[in-house]
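Observations on the three-dimensional arrangement
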Amino acid sequence: MLTRNRFCLLLALLTVLCFADPVPALDIEKKVIKARLNNGLTVLMLERKFSPTVSLYIRHRTGAVDEIKGQSGAAHFLEHMMFKGTTTLGTKNYEAEKKLMMQIEKIGQALDNERMKQNKADQKLIEQLAARLKQLQNEHRRYYIPNEIDRLYTENGGLDMNASTGQDVTTYFVSLPANKIELWARIEADRLLNPVFREFYTERDVILEERRQSVETKPDGKLYESFMRKAYAVHPYGVPIIGEPRDLTYMSPAAIRHIHHQYLSPENMVIAAVGDIDVQNTLKLIDHYFGRIPKRHYLSPDIPAEPPQTEERKVEIWFDANPSMIIGYHKPTAPAPEDYTFDVLETILSKGRTSRLYSRLVLQMQIADSISVHNGIPAARYPNLFVITAHPRYPHTHHELQTAILRELENIKQHPVSDLELNKAKKQLKMDYIRSLDSNSELASTLSYYELLLGDYRYFSNYILRIDKVTAVDIQKAASKYLGADNRTIAVLNKKITANTNSGTNEK
Amino acid sequence: MKNKIYSCILSGLLISLLHGLMTSGVFAAETFIPPGKIKYPRLDFKLPRAERILLKNGMVLFYLQDRELPVVSISALVRTGSMYDPPGKEGLAELTAYVMRTGGTAKLDSGEIDERFDLLAASPSISMSLDSAFVNFSFFKSDLDPCLDLLSQILREPAFEETKLQLALSLKKEELRRITDNPQKLAFREFNRLLYPDDPRGRYFTTASLQNIQRKDLMAFHREYFYPANMMIAISGDISKKEAVNKIRQYFGHWNDSRHALDVPSPPKQTRHGIFFLRKELPQSTVVSGEFTVSKVHPDYYAFSILDFIIGSGGFPSRIFTAVRNNEGLAYSAGSFYRARTHYGVFGTYAFTKTSSTFQSLHLINDILHDVTTGSITEKELDWAKKSMLNSFIFSFEQPGQIAVQQMTLTYDRLPDDYLMTYRKKIDAVTRNDLKRVAAKYLNEKKRLTLIVGDTDQFGKLPENWEQPVLISPQQ
């Protein structure tokens with residue numbers, strides 16, 4: 001009864017908000033409906049009627065930064081495990097499964113403990129335990145149906161079902177035919193409350209393959225990892241999201257459960273539903289399923305602040321690939337005014353063929369193959385970086401490229417950008433912003449992101465107004481304050497020459 | 001151990017009881033309704049269509065209105081492609097597209113063009129693929145005239161400035177130099193090269209072929225393929241039909257050329273088969289296989305699409321994913337792809353796996369491909385695939401711009417006018433027998449091409465029934 005009463009009130013309030021004003025086409029703020037469930041969970045809804053589809057986003061204010069030291073990769077690992085079903089989805093006999101899974105974990109842990117001894121490990125014991133683990137896994141397979149969550153979504157027309165783990169935030173998303181919202185609520189609430197972490201040890205191998213695919217075999221991935229490690233001496237932004245190889249290799253189910261525990265905190269969650277929805281019914285469904293999550297005050301772990309950088313940092317790696325480099329500077333994060341300024345500077349430096357760095361390095365000097373600039377790496381809950389990446393064009397060197405880039409940054413500090421250039425950048429940012437309003441999934445993604453991160457999605461709806469206020473003086477000031485040598489990290493990748501004999505030695 | 005596993009759920013339960021928000025019964029699993037019992041509201045929808053308008057000069061226009069944002073989007077498809085590169089001048093098609101955008105026009109030099117586009121916060125992309133060129137451009141509605149003016153200059157009278165061609169050539173050479181840096185890109189490029197032996201589709205640019213390309217070649221290539229009847233335009237956004245047609249007429253209507261549209265190129269004759277190795281010392285192998293299969297206009301297209309979905313493109317529950325990833329933990333990415341064109345199709349599989357499980361992954365995949373030819377696909381799998389494809393069909397109609405481009409693409413592929421209208425019926429009519437038949441007809445290990453990029457020396461003992469793989473080097 002309590003639930004129902006509260007609901008009527010909420011809906012009445014919404015109705016007022018909803019119809020008080022005629023809605024201009026671009027005024028996102030007036031179209032978005034924001035509600036908070038009793039347990040503290042925030043819901044954002046936006047009606048778009050062109051197609052009978054809906055995009056649904058769930059975001060948790062939990063990411064890689066929230067991991068315990070030595071368990072790097074746990075947040076991303078959990079995200080994988082959330083697709084393994086629940087006590088009622090994907091099981092043929094949950095009681096039988098439960099017993100087997102406890103045995104699997106026991107043997108898996110024993111196997112890890114032995115393997116951790118490395119040279120001193122008892123190889124025979126390892127073989128025995130591995131065989132026993134395989135046997136239990138095969139037995140377990142009789143009692144569950146793999147990939148049931150995915151099957152339910154695809155069979156019901158779901159599109160782009162996936163999840164992502166960042167340093168700050170973990171996100172679960174899907175687009176569905178608009179009449180299938182209840183299926184989503186049913187699955188998502190269930191997997192939040194009653195997940196079953198099946199196939200743990202095979203999934204660990206999968207994630208090790210993911211690491212090979214995105215880092216160990218990729219020059220960009222390798223360089224980025226080294227760069228981040230160097231740029232952050234203390235703060236966990238320097239630790240790779242996918243995890244350090246050693247942590248990942250011996251990840252335990254307990255570490256995964258620890259992160260999952262942090263998910264069950266409605267105040268740290270935001271849901272966004274954008275598309276052909278009926279606002280009242282959608283909210284009712286969301287409350288029916290997600291309202292079951294108990295209210296809980298979760299305190300984030302203490303995360304050490306990154307101390308101010310006092311001297312330039314450099315790192316050099318060798319890899320079988322052509323040279324590339326990353327230059328980064330520490331800076332404040334959103335919603336600090338400087339963050340808007342750096343968005344404008346990013347555009348001035350790198351957006352379009354007439355941008356400063358592209359026109360200078362690629363078109364005029366012809367010493368770079370490509371150049372890009374990103375404000376806000378790697379995430380935004382904590383102070384982040386302004387980052388420039390570039391590939392020198394053969395036979396030019398890192399040194400030439402670096403000198404030219406730094407000269408352009410110096411230029412920004414010395415001379416105010418012209419009105420023409422500033423307005424060009426602002427128009428480009430406005431265009432990007434407007435383009436992002438054209439898709440249900442992008443809107444759901446953006447709205448939920450800022451609501452979760454800054455406690456207010458209106459960061460997004462006010463974005464262009466704030467960008468409009470950025471002046472040439474702001475840019476000069478921010479550049480002078482943050483783009484100095486002492487605040488800089490430079491990472492370069494050099495080509496390692498490997499013997500490519502191309503002679504096969506495979507014998508049958 | 002037991003307590004540990006469920007500790008998070010137990011504490012959640014305790015808290016909910018303490019707060020008195022709900023009864024503990026809520027946490028009993030049975031309160032979550034079985035998904036099969038959820039009653040869904042009816043979904044009513046129409047399939048919006050773009051209007052088709054034929055201009056006097058032979059250009060075909062597709063139009064659909066979209067008033068949501070103050071933006072207009074224009075896309076174009078041109079019957080050309082890198083397969084039309086003259087022998088010895090591989091790379092010409094891509095260079096032509098790139099320098100059309102970057103090399104100035106008869107009226108404006110390249111610097112002026114760049115400046116104007118950036119001031120308009122809009123820039124058209126012209127991308128050259130194997131058998132088409134695709135132009136994509138969107139801008140503020142208020143900039144309609146200057147944007148269309150620039151677009152028409154670029155498409156109709158590009159200047160191909162020599163300095164910009166030289167820069168483009170240098171950047172292409174750098175691209176070649178970097179081609180081996182990314183193993184997956186490298187693998188798919190070399191795979192395509194092997195897939196089409198003695199066919200224009202299998203040729204890629206090299207340092208030598210770039211050396212042969214001059215400004216006059218770009219001008220000739222542009223003249224040969226960029227003319228009104230050989231292209232189609234899709235326009236959508238905040239613009240009325242009348243204005244859209246008038247403006248396209250104003251900027252492209254006087255472009256007169258008596259040539260008719262080129263025909264769809266004939267299909268490649270044969271594919272190479274066998275096993276090829278490309279050595280790159282990395283901890284993970286890229287395993288790609290493929291063979292030619294049914295075209296998009298063939299009646300078997302629908303059955304083969306479902307077959308591909310079940311084998312490896314239908315996500316987690318598909319067979320390759322379940323076998324290679326779920327059961328064995330051998331790869332993060334593994335699956336299949338089916339690219340159907342007007343006169344032929346390519347079906348393929350892939351897995352990225354650690355060096356020591358290279359052959360094991362390939363075996364698992366080949367076993368699946370063999371298994372489906374024996375009629376092993378169950379009614380349940382077929383049902384899942386059909387429901388998935390039918391229920392997600394509405395996502396092909398999510399945005400007006402997407403609908404207009406889709407209709408243009410279908411016309412480009414010479415598909416019948418009722419293709420979209422009959423698609424669901426034809427998918428629904430596919431039977432298990434059809435799947436068995438098309439699998440047996442089109443999947444054949446003896447005709448299959450396999451390329452593995454990786455640390456070839458460490459793959460281990462070659463399987464008994466293999467011929468000695470051929471070692472190739474990347475073509476640069």
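Predicted, not measured: the structure shown is a model, and the values here were computed from it.

1. Looking at the packing of helix H11 (residues 319-327) of chain B against helix H12 (residues 358-373) of chain B
All names here are of chain B. Where H11 meets H12, the axes come as close as 10 Å, and the angle between the chain directions of the two elements is 155°. When the axis of H11 is compared with that of H12, the two are roughly antiparallel. The hand of the H11/H12 crossing is right-handed. Residues Arg319, Ile320, Ala323 and Val324 of H11 form the contact with H12, whose participating residues are Ser361, Leu364, Ile365 and Ile368. Tallied by class, residues from the contact of H11 with H12 come to six nonpolar, one polar and one charged.

2. A closer look at the interface of chain A and chain B
Facing the 80 residues of chain A at the interface are 85 residues of chain B. Mapped by element, the contributors of at least two residues to the side of chain A that touches chain B are helix H4 (94-115), helix H6 (148-155), strand S5 (170-177), helix H7 (181-193), helix H8 (200-216), helix H11 (253-263) and helix H16 (419-435) of chain A. Classifying every residue of the side of chain A that touches chain B gives 22 nonpolar, 28 polar and 30 charged.

3. Observations concerning the nonpolar core
Counting 185 residues, the largest nonpolar core has Ile271(A), Leu361(A), Leu447(A), Leu307(B) and Val324(B) as the members making the most contacts within it. Of the residues forming this core, the biggest block, nine residues, is contributed by helix H10 (residues 301-313) of chain B. Among the domains, domain 2 (51-252) and domain 3 (274-472) of chain B are the pair contributing at least three residues each to this core. For Leu447(A), the contacting residues outside a window of four places in its chain are Val32(A), Leu44(A), Leu46(A), Ala272(A), Tyr457(A) and Phe460(A). With 65 residues, the next largest nonpolar core counts Val71(B), Phe137(B), Ile213(B) and Val405(B) among its residues.

4. Observations concerning unusual backbone geometry
Residues and elements named next belong to chain A. Ile377 connects to Pro378 through a cis peptide bond whose omega is 0°. Topologically, Pro378 is positioned in the loop between strand S9 (368-377) and strand S10 (384-392). Of the consecutive residues Tyr394 and Pro395, the connecting peptide bond is found in the cis state with omega at 5°. Along the polypeptide, Pro395 turns up in the loop between S10 and helix H15 (398-414).

5. Focus: the confidence of the model for chain B
Across chain B, the average pLDDT comes to 92, with 94% of residues at or above 70. Contacts of residues 1-30 of chain B to residues separated by more than four positions or lying in other chains number 36 contacts, the stretch itself having pLDDT below 50.

6. Quick look at the pairing of strand S6 (residues 269-275) of chain A
Residue and element names in this part refer to chain A. S6 sits mainly inside the fold: seven of its seven residues count as buried. Examined bridge by bridge, strand S2 (residues 42-47) and S6 share six bridges and lie parallel to one another. Bridge assignment links Glu47 to a residue of S6, and that residue is Gly275. As defined by bridge partners, strand S3 (residues 53-60) adjoins S6 across seven bridges and the pair is classed as antiparallel. When the bridges of S6 are listed, Ile58 appears paired with Ile271.

7. Focus on the domain arrangement of chain B
Interface size is commonly expressed as the accessible surface area that is lost when the partners come together. Residue and element names in this part refer to chain B. If you check the domain split of chain B, you get domain 1 (2-37), domain 2 (51-252) and domain 3 (274-472). With centres defined by C-alpha atoms, the gap from domain 2 to domain 3 works out at 30 Å. Contacts between domain 2 and domain 3 engage 24 residues on the former and 23 residues on the latter. Contributing elements (two or more residues each) for the side of domain 2 that touches domain 3: strand S2 (60-65), strand S3 (71-78), helix H6 (183-195) and strand S6 (231-237). Per element, the largest residue contribution to the side of domain 2 that touches domain 3 is nine residues, and it comes from H6. Grouping the amino acids of the side of domain 2 that touches domain 3 by side-chain chemistry returns 15 nonpolar, seven polar and two charged.

Rules used in this analysis
Residues numbered from 1 in each chain as written. Chains lettered and ligands numbered in written order. Predicted model: local features only at pLDDT ≥ 70, side-chain atom pairs only at ≥ 80, totals over all residues. Axes fitted to C-alpha atoms, helices over the stretch in contact; angles between N-to-C directions. Helix = DSSP H or I, 4+ residues; strand = E, 2+ residues; numbered from the N terminus. Parallel < 35°, antiparallel > 145°, perpendicular 65-115°, else oblique. Left-handed = near helix turned anticlockwise from the far one by under 90°. Contact = placed C-beta atoms within 7 Å. Nonpolar A, V, L, I, M, F, W, Y, C, P; charged D, E, K, R; others polar. Core = buried A, V, L, I, M, F, W, Y, C linked by C-beta atoms within 7 Å. Buried ≥ 20, exposed ≤ 12 C-beta atoms within 10 Å, placed from the backbone. Domains from an automatic or database assignment. pLDDT = per-residue confidence, 0-100. Pairing = 2+ DSSP bridges.

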